[in-house]
Amino acid sequence: MSQCSEDIWREKLNEELKTTSYIYDNVNLLFSTARDNDRLQQEQIDSFINRGVDLLIISPNQVNTITPAIERARRKGIPVVLFDRKTESAHYTAFMGADNYQIGRTMGEYIAHLMGGRGNFVEIRGLEHSSPSIDRHRGLVDALRRYPEVRLIDSRAGDWSEGSGSRVMTEMLNSGDRVDCVFGQNDRMALGARKVLMDRQPDSKARFVGIDALATPGGGIREVKDGRLDASYIYPTRGDRLLQLAVNILEHKPYKNENLLESAIVTPDNAEVMLMQADEMRLQVDNLKQLHAHVDRFLARYNYQKVFLILIILVLSLLIIVLFLFYRGLSLRRRMAEETANAKLKFFTNVSHELRTPLTLITAPVEQLAADDTLTDGQRSLLGVVKRNTDILLRLVNEILDFRKVQNGKMTVHLAHFDLSPALRQWTAMFEPAMKKKSLTLHIEVPDHLFVLSDGYKLERICYNLLSNSVKYTPEGGEIWIRATQSGDRFAIVVEDTGIGIPEDKLKRIFERFFQVETPYTNGTGVGLALVKAFTEMLHGTVTAANRQPQGARFTIEFPVSQPNSDASQTAGVEETERQMAHEEAVDTQKANAEMLTASEKQEPRKRILVVDDNADIRAYLASWLGKYYQVSSAADGREGFETARREAPDLVMSDVMMPVMDGLELCRRLKSDVTTSHIPVLLLTARDMDDSRADAYNCGADGYIVKPFSEDVLLARVKNLIDSRQQLRDAFGGGSDGLNPTKEDKKFTVKLREAIQQHLDDSDFSVEQLGGELGLSRAQLYRKVKAMTGQSPVEILREARLRRADRLLAMTDKTVAEIAYETGFSSPSYFTKCYKDYFGCPPKDAGKGNRKGKEQP
Ligand code: FRU
């Protein structure tokens, strides 16, 4: 809004514009006032144009001065609304204002009426080249034409200000004419003139008429009401309609180019009413303003709060993001550490698996060598070095495999009732040589007996780890304590040393996921302490580490004396059986090995063993070692093993579990379901960490399994036991079952064999080939199978069956020996007699006389 002047009329207009702008959300008003200065107004308009206003409202100071600025705005596409005053240029968008010509006319008429149709009056015009001044004058002059006796004796231009009214009046009075009425083109000038005239001629009855009729104090309406003016004309501001017009233009709504504002004359007759109305209006406007101020305040507060809220949300979001990133970083690091640890463990596990076979290949021959009496002391001590170091390697390997098992949830607890005290002494004794070497003093403080229900293997591993740590990190001449105590239903094992201790800040985390905390006590594979914790927890115990004063470390593990949720008697029973078995196995081992020697001395036909293993070294090792006692053949995988077994029908198959092409379990399953091989005992060599392997082995029908790495003695004993059991089974064949249970396949085979024999008893032409054909076996296969199962050849079995039948016939019929011989399939009576005598110890004619040596058949 570019205002030409600064006065209360324009202030009122500006106020109305502002108030109206509240209705619109998107209107922002800017105001400038040129204070009647043409150049200033031009500059102000230009500045608005430069600021990129969307629309200009202009009250031009004079008709011709700001035309170029308006042109510039139009060229920039800015709509221009002229208000109240006009310009020469018609290049504006719209005009709004009163009809000043009409106002001039109305005032002319009223003045004529006021003067009773005659008299002198003067006119004080507004600014010379402002459009209202020109138009009002025209209107006035036109109206006066009808009143020839109303004479306009003087008309001079002021500049709309009160001062200009006084000045012009002074000039006019100087002419000396009587003035009956003064018409100021606005109230201000009329009042300025009045002051001068009444000053000069206090008795003057002159009338004063103005324009604007503002309701403000000192405004036209009040002046009319108070009698200082005789009339005024409400020169309308109507900011509301002006803004509406501007918005319509901006929003491309229909609007009119010429918008004339209606108004009315104010005389003493209506001045009071008008004033009241105006006051009322102002009151409303004030209310509105107050309301708006309230709303503004609320809005400001709301905005402030909004900004505050947004800030808080922003800060919170940032915080959350930072926390999230931090947490993610942490968990990423943790995951990465975990993955690395897992990868390491996996790698170690694989390596451990790989190491076990060569370790077996080292330990077993070393044990064998050590047993040689002819060794020199030097050689023996060298072997001791090898043995100790392979033991260490084996222990490390087993530790890693154990830990992996714990991690995979495959580690199981084997509970037994036992006395912990002697066990602890025994476990500690293993460290004596190492302690002696470092001059460490060991204090064992355990009660005479401490009966617990626990897992001996795991407790041993726990103590082993703690003790080996202490031995390792206690300097020469130091002390180590191992204590066991019981209080109530809990027992504790404490391992304490005068070693280097554990950094305080690492104490709490020393058992955490391995590989993460590096302290002397957790170095190496890093598995040791993690395993201690895992085993302790599996046994419902707790483990803590602390530093001793002034130096050293203390590890305390605490357990319940009996394990929760365990059926002690049952587990003890199981354990008892296992122990019994272990004992028997040991006794057997000695017996077996002794027998083995005598057997080899006796030069009995050697039993045959088939070794199936994909590792050529293992095959070679087993062949060379077992070869002392057995006839050994070998195969590199399950399939080859199966073919060989079918072909050779060995007395025992010893097979590795993990093999390419066909694994040991599958091989076993096939052997046990093939009639040619179903009778052959199978011994599986399983890896130590395969917990399910025992179940797997038995499920596939294996007769036994041995965990790698194995001791030669144990293996030899198992081999012998299995072959002997087969012998027992063979002895029991046909007459119950004392030894190993025959397989389903073998039972079926036995039934079929018996049936086939019974059917052909009287057929002397019935051959072994035919028998094999009926049982689905070749002559050789039938021979091996029957021989392995019964110890006899098929021919012998067939003959035996015939002889028994003959024997029954001899006892129960009156038939002759010759008749019976033919009836039971013997080709001649003499051959029958020979066979009968060989089998029963007496000739057939003496049958039933009680002096026979042959076997009685139930
Ligand atoms: C206000 C004013 C009024 C007059 C109008 C003419 O600035 O001088 O008094 O009626 O302008 O434009």
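Use the structure listed above.
Keep in mind that this is a model prediction, so the values were computed, not measured. (Residues numbered from 1 in each chain as written. Predicted model: local features only at pLDDT ≥ 70, side-chain atom pairs only at ≥ 80, totals over all residues. Heavy atoms only, no water.)

## Here we look at the site of the ligand
Then, in step 1: By nearness alone, every residue bordering the ligand is listed as Asp7, Arg10, Asp84, Arg85, Pro132, Arg136, Trp160, Asn186, Arg188, Asp212 and Tyr235.
Then, in step 2: Contact distances for the ligand include 2.7 Å between an oxygen atom and a side-chain N or O atom of Arg85.
Then, in step 3: Here an oxygen atom of the ligand and a side-chain polar atom of Arg136 are 3.1 Å apart.
Then, in step 4: Within the complex, 100% of the 310 Å² of free accessible area of the ligand lies under protein.
Then, in step 5: Looking at side-chain class alone, the shell around the ligand contains 3 nonpolar, 1 polar and 7 charged residues.
Then, in step 6: A domain split of the shell around the ligand shows at least three residues from each of domain 1 (2–97 + 241–245 + 252–261) and domain 2 (99–235 + 266–273). (Near = heavy atom within 4 Å. Polar contact = N/O pair within 3.5 Å; in protein donor to acceptor, adjacent residues only side chain to side chain. Areas by Shrake-Rupley, 256 points an atom, 1.4 Å probe, with all protein chains shown as cover. Nonpolar A, V, L, I, M, F, W, Y, C, P; charged D, E, K, R; others polar. Domains from an automatic or database assignment.)

## Description of helix α14 (residues 456–473)
Then, in step 1: Taking 1.5 Å per residue as the helical rise, α14 with its 18 residues ought to reach 26 Å, and the 26 Å between its terminal C-alpha atoms agrees with that figure.
Then, in step 2: The distance from a side-chain oxygen at the start of α14 to the backbone nitrogen of Tyr457 is 3.1 Å, and the residue carrying that oxygen is Asp455. (Helix = DSSP H or I, 4+ residues; strand = E, 2+ residues; numbered from the N terminus. Expected span 1.5 Å × (residues − 1).)

## Let's talk about unusual backbone geometry
Most peptide bonds are trans, and most residues other than glycine sit at a negative phi.
Then, in step 1: Note that the residue after Gln549, namely Pro550, is joined by a cis bond; omega there is 0 degrees.
Then, in step 2: Relative to the assigned elements, Pro550 resides in the loop between β18 (542–547) and β19 (553–560).
Then, in step 3: Its identity as a non-glycine residue notwithstanding, Arg35 has a phi of 45 degrees, on the positive side.
Then, in step 4: Relative to the elements of secondary structure, Arg35 occurs in the loop between β2 (32–33) and α2 (38–51).

## Description of the sheet that holds strand β17 (residues 490–497)
Then, in step 1: Judged by pairing direction, the sheet is mixed, and its 5 strands sit side by side in the order β14-β16-β17-β19-β18 without closing on themselves. Where the open sheet ends on each side, the last strands, each with one partner, are β14 (441–445) and β18. Strand-to-strand twist in this sheet, taken as the mean axis angle between neighbours without regard to direction, amounts to 10 degrees.
Then, in step 2: Of the pairings in the sheet, the one linking β17 to β19 comprises 7 bridges and is antiparallel in character. Paired with Phe491 across the bridge in β19 is Phe559.
Then, in step 3: Here α14 sits on the sheet in contact with β16 (479–487), β17 and β19, set at roughly 20 degrees to β17.
Then, in step 4: Docked against the sheet, helix α15 (residues 528–538) engages β18 and β19, running at close to 140 degrees with respect to β18. (Pairing = 2+ DSSP bridges. Axes fitted to C-alpha atoms, helices over the stretch in contact; angles between N-to-C directions. Contact = heavy atoms within 4.5 Å.)

## A few points about the pairing of β17
Then, in step 1: Of all 8 residues that make up β17, 7 are buried, and the element is covered over most of its length.
Then, in step 2: Where β16 lies against β17, 8 bridges are found, and the strand directions are antiparallel. When the sheet's bridge partners are listed, Ile480 is paired in β17 with Asp497.
Then, in step 3: The antiparallel hairpin formed by β16 and β17 contains 2 residues in its connecting segment, where Gly488 sits at a positive phi of about 65 degrees. (Buried < 20%, exposed > 50% of the residue type's maximum accessible area, 1.4 Å probe, protein only.)

## Thoughts on the packing of aromatic side chains
Think of a pair of aromatic rings as described by two things: how far the centres are apart, and how the planes are tilted against each other in angle.
Then, in step 1: Taken as a whole and judged by the stated rule, the model has 13 aromatic pairs.
Then, in step 2: Above the ring of Phe95, the side-chain terminus of Lys86 is found at 4.5 Å from the ring centroid.
Then, in step 3: Sitting above the plane of the Tyr464 ring, Arg461 keeps its charged end 4.8 Å from the centroid. (Phe/Tyr/Trp six-rings, centres within 6.5 Å; stacked < 30°, edge-to-face > 60°. Lys NZ or Arg CZ within 6 Å of the ring centre and 35° of its normal.)

## Description of the environment of Gly210
Then, in step 1: With respect to the element layout, Gly210 can be found in the loop between β9 (207–209) and α8 (220–225).
Then, in step 2: Gly210 sits in the buried class, given a relative accessible area of 0%.
Then, in step 3: In this structure the C-alpha to C-alpha distance between Gly210 and Phe183, which are 27 residues apart in sequence, comes to 5.9 Å.
Then, in step 4: Those residues in contact with Gly210 that sit more than four places away from it in its chain are Met107, Gly184, Asn186, Asp187, Ala190, Ala231, Ser232 and Tyr233.

## Overview of the side chain of Asp154
Then, in step 1: Position of Asp154 relative to the elements: it lies in strand β7 (residues 150–157).
Then, in step 2: At 3.0 Å, the side chain of Asp154 forms a polar contact with the side chain of Arg156.
Then, in step 3: In contact with Asp154, other than residues within four places in its own chain, are Phe121, Val122, Glu123 and Met172.

## Some thoughts on the pairing of strand β11 (residues 258–261)
Then, in step 1: Of the two faces of β11, only the one carrying Asn259 and Leu261 is buried; Glu258 and Leu260 on the other face are not.
Then, in step 2: Of the pairings in the sheet, the one linking strand β5 (residues 94–98) to β11 comprises 4 bridges and is parallel in character. The partner of Phe95 across the bridge, within β11, is Glu258.

## Considerations on the packing of α14 against α15
Then, in step 1: Close contact between α14 and α15 brings their axes to 9 Å; oriented N to C, the two are set at 145 degrees. Crossing hand, α14 versus α15: left-handed. Every residue of α15 that contacts α14 at Tyr457, Lys458, Arg461, Ile462, Asn465, Leu466 and Asn469 is listed here: Gly528, Leu529, Val532, Phe535, Thr536 and Met538.
Then, in step 2: Of the residues assigned to the contact of α14 with α15, the class counts are 7 nonpolar, 4 polar and 2 charged. (Left-handed = near helix turned anticlockwise from the far one by under 90°.)

## Comments concerning the pattern of salt bridges
Then, in step 1: Per the counting criterion, the structure on display carries 45 salt bridges.
Then, in step 2: One salt bridge in this structure joins Glu149 and Arg118, with 3.3 Å as the shortest N-O distance. Of this pair, Glu149 sits in the loop between α5 (131–144) and β7 while Arg118 is found in the loop between α4 (100–114) and β6 (119–125), placing the two residues 31 residues apart along the sequence.
Then, in step 3: Salt-bridge contacts for Glu171 lead to Arg156; the nearest nitrogen and oxygen are separated by 3.0 Å. With Glu171 in helix α6 (residues 162–173) and Arg156 in strand β7, this pair connects stretches of sequence that are 15 residues apart.
Then, in step 4: The exposure class assigned to Glu171 is partly exposed, which follows from its relative accessible area of 32%.
Then, in step 5: Arg156 sits in the partly exposed class, given a relative accessible area of 29%.
Then, in step 6: In the salt-bridge network here, residues are joined through shared partners; they are Glu445, Arg483, Glu496, Arg548 and Arg554. (Salt bridge = Lys/Arg side-chain N within 4 Å of Asp/Glu carboxyl O.)

## Quick notes on the nonpolar core
As a rule of thumb, nonpolar side chains are buried together in soluble globular proteins.
Then, in step 1: Formed by 48 residues in total, the largest nonpolar core has its most connected members in Leu420, Leu424, Leu459, Ile462, Phe491, Ile493 and Phe555.
Then, in step 2: Examining the composition of this core, we find that 7 residues originate from one element, α14, more than from any other.
Then, in step 3: Residues in contact with Leu424, not counting those within four places in the same chain, are Val446, Cys463, Ile482, Ala484 and Ile493.
Then, in step 4: Among the nonpolar cores identified, the runner-up in size contains 39 residues, and Ile57, Val81, Leu114 and Leu242 belong to it. (Core = buried A, V, L, I, M, F, W, Y, C linked by side-chain atoms within 4.5 Å.)

## A few points about the packing of helix α1 (residues 8–21) against helix α9 (residues 239–250)
Then, in step 1: Viewed as axis vectors pointing N to C, α1 and α9 meet at an angle of 55 degrees, and their least axial separation amounts to 7 Å. By the angle between their directions, the pair α1 and α9 is classed as oblique. You can see that α1 and α9 cross each other, and the crossing is right-handed. Residues Leu13, Glu16, Leu17, Thr20 and Ser21 of α1 lie in contact with α9, whose contacting residues are Gly239, Asp240, Leu242 and Leu243.
Then, in step 2: Here the contact of α1 with α9 is composed, by residue class, of 4 nonpolar, 3 polar and 2 charged. (Parallel < 35°, antiparallel > 145°, perpendicular 65-115°, else oblique.)

## Description of helix α18 (residues 638–648)
Then, in step 1: Residues of α18 that are buried: Gly638, Gly641, Phe642, Thr644 and Ala645. Each buried residue of α18 lies within a common arc of 170 degrees when the element is viewed along its axis, so the set occupies one face. Exposed residues lying more than 90 degrees from the buried face of α18 are Arg639 and Arg647.
Then, in step 2: Here the buried face of α18 lies against β20 (608–612), β21 (631–635), β22 (652–656) and α19 (664–673).
Then, in step 3: Its side-chain oxygen placed 2.9 Å from the backbone nitrogen of Arg639, Asp637 serves as the N-cap of α18.
Then, in step 4: Once α18 ends, the next one or two residues include Ala649, with phi positive near 40 degrees. (Arc of directions from axis to C-beta.)

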